[in-house]
Amino acid sequence: MRCKLFFTSMCAFTMITLFPSCSNKKQDTDKLSAVTLGKNGFPEKRTITVDFDGAEPIARHLERVGNVVFDEDTEEIIGGIQQMAVRGDTIFAVDPAKNPGLYAYLKDGTQLFAYCNTGGGPEDISSPMSLSVSDTEIVVFDMAGTKLTHFSKDGRFLRNIDLPVFALSAIEDPVKGIWIDYSNQEYEDLKLAWKADEESEPVPVLGVPDHLKGMTTVELVNMRQLPDGEVRYLPSLEPLIYALRDGKAVEAYELDYKGKWPSEEYFKTKISGNDWAVKIIREFPINLKGFAENDRWVAIGNVLNRDKTYVTVYNKQTGESTTYIDADRTYYNPAYIDGDDLYIQRTDDTIDILRLR
């Protein structure tokens, strides 16, 4: 029987922490694959340095070249963006919390459509996340319904794919493979699984690290489709980003916080016990606020000690990382990278476009 889950959001649903009201029986883990399953066709692992102490002011170094104000003279108004994707002149976005739905806008803010059917019906979506966009379809994960919902590019419901009830996030890749994130639940010690197609059974890919078992959280952006269709995965409470392809998860980026990321011993001694969720929300020093990536850039958002907001930009061509501080708390998190333009959410519910260099 599925456990009841209670949701707590922080920093504009930066992290969702789930409190299970029943215990999950630990299962045999011998079938789990190794953390890294192979590097065939994958790029070499890189290190992205997040340097809070040496951060530069974001307003001084990244030029603001545009601002997107979403049309509010509409029946449905987007409240907060969990993910967005830019395709030509169109912005697709999902709001899982404030006014749940799938939205599409022109870059001038004109709304093209809003799909906001909430409830428990087959065509309803109550908490859409993990957006992917192909040439013909839009696919979102509905966390409340544990299903992938397919839409036409003009916002018409097409079909659902039901997923295991313990799934906390999922995304469809370019060849219709399905990646399922279970976070750090103790359920079968399984963190990430893959389905080769809609009809296949899930195959275990990544297990839960021992020091994180039972710490069931979901980052603001934990699964993302890149502009070229590749899929990336940011596991909860781990300073890593994986590349996902053909049933394999390979570490693409290690996030080096220069000694500030908590050690395994910290988790075991400071975040253990029945009040682990409260301690993570109140005391965990680094809050990962999501990431964006294209063929040249990676941008990672962080909050340090629930006070200072940062964006780290990594140049994939030069291998250089630069961390910027948002001293005025103007921004929430990186939303998308289109060419050299970083779309980043503002606290006033608009989107700034910053030129990366």
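This is a predicted model, so every value here is computed, not measured.

Enquirer: Could you clarify how one ought to interpret unusual backbone geometry in this entry?
Expert: Negative phi values dominate among residues other than glycine, just as trans dominates among peptide bonds. Of note, the phi angle at S130 is positive, near 50°, even though the residue is not glycine. By the secondary structure assignment, S130 is in strand β10 (residues 128-133). A positive phi angle, near 65°, is found at L237, a position not held by glycine. Looking at the secondary structure, you find L237 in the loop between β20 (231-233) and β21 (240-245). The exposure class assigned to L237 is buried, which follows from its relative accessible area of 2%.

Enquirer: Help me out: how do you make sense of the side chain of T90 in this one?
Expert: Among the secondary structure elements, T90 is positioned in strand β7 (residues 90-95). Here T90 falls in the buried class, since its relative accessible area comes to 15%. When residues no more than four places from it in sequence are discounted, the contact partners of T90 are A85, A104, Y105, L106 and L112.

Enquirer: Sorry, what's going on with the confidence of the model for the chain here?
Expert: Should the pLDDT be low somewhere, the predicted coordinates at that spot are not to be read in detail. Across the chain, the average pLDDT comes to 88, with 89% of residues at 70 or higher. In the model, residues 1-13 has pLDDT below 50 throughout and makes 42 contacts with residues more than four positions away in sequence or in other chains. Contacts of residues 19-38 to residues separated by more than four positions or lying in other chains number 46 contacts, the stretch itself having pLDDT below 50.

Enquirer: Quick question: what am I supposed to make of the sheet that holds strand β14 (residues 169-172) here?
Expert: Strand pairing in a sheet relies on backbone hydrogen bonds. The paired strands run either parallel or antiparallel. Read from one edge to the other, the open sheet built from 4 strands follows the order β14-β15-β16-β17, with strand pairing classed as antiparallel. Each having just a single partner strand, β14 and β17 (203-207) make up the two edges of the open sheet. Sheet twist, expressed as the average angle between the axes of neighbouring strands with direction ignored, equals 20°. In the sheet, β14 pairs with strand β15 (residues 178-181) via 4 bridges, with the strands oriented antiparallel. Looking at β15, one finds that A170 is bridged to I180.

Enquirer: Help me out: how do you make sense of empty space enclosed by the protein in this one?
Expert: Gaps left between atoms are located by rolling a probe of water-molecule size over the structure's atoms. Taken as a whole, this structure holds 4 cavities of 30 Å³ or more when the rule is applied. Taken together, Q83, M84, A85, R87, L131, R224, Q225 and Y336 make up the full set of residues lining the largest cavity. Put simply, the parts of the chain that give the lining of the largest cavity at least two residues each are β6 (83-87) and β19 (223-225).

Enquirer: What is the right way to read the pairing of strand β25 (residues 308-315) from this model?
Expert: Put simply, side chains in a regular strand alternate between the two faces of the sheet. Most of β25 sits inside the fold, with 7 of its 8 residues counted as buried. From the end of strand β24 (residues 297-304) to the start of β25, which pair antiparallel, there are 3 residues, and N305 there has a positive phi angle of about 55°. Both β25 and strand β26 (residues 320-326) contribute to a ladder of 7 bridges, which runs antiparallel. Each residue of the ladder has a partner; that of Y310, found in β26, is I325. Where β25 folds back on β26, the antiparallel hairpin that results is connected by 4 residues, among which G319 adopts a positive phi of roughly 75°.

Enquirer: So what exactly am I meant to see when it comes to the environment of K147 here?
Expert: You can see K147 is positioned in strand β12 (residues 147-152). Counting along the chain gives 17 residues from K147 to P164, while the straight-line C-alpha distance between them is 8.3 Å. Those residues within four positions of K147 in sequence are excluded, and the remaining contacts are G121, P122, D124, V140, F141, D142, N160, I161, D162 and L163. Only 3.5 Å separates the side chain of K147 from the backbone oxygen of G121, close enough to count as a polar contact.

About the cut-offs
- Residues numbered from 1 in each chain as written.
- Predicted model: local features only at pLDDT ≥ 70, side-chain atom pairs only at ≥ 80, totals over all residues.
- Heavy atoms only, no water.
- Helix = DSSP H or I, 4+ residues; strand = E, 2+ residues; numbered from the N terminus.
- Buried < 20%, exposed > 50% of the residue type's maximum accessible area, 1.4 Å probe, protein only.
- Contact = heavy atoms within 4.5 Å.
- pLDDT = per-residue confidence, 0-100.
- Pairing = 2+ DSSP bridges.
- Axes fitted to C-alpha atoms, helices over the stretch in contact; angles between N-to-C directions.
- 1 Å grid on protein atoms, 1.4 Å probe; cavity = no way out; pocket = protein on both sides within 12 Å on 5 of 7 lines; lining within 4 Å.
- Points joined across faces, edges and corners; volume = space filled by probe spheres on them.
- Polar contact = N/O pair within 3.5 Å; in protein donor to acceptor, adjacent residues only side chain to side chain.

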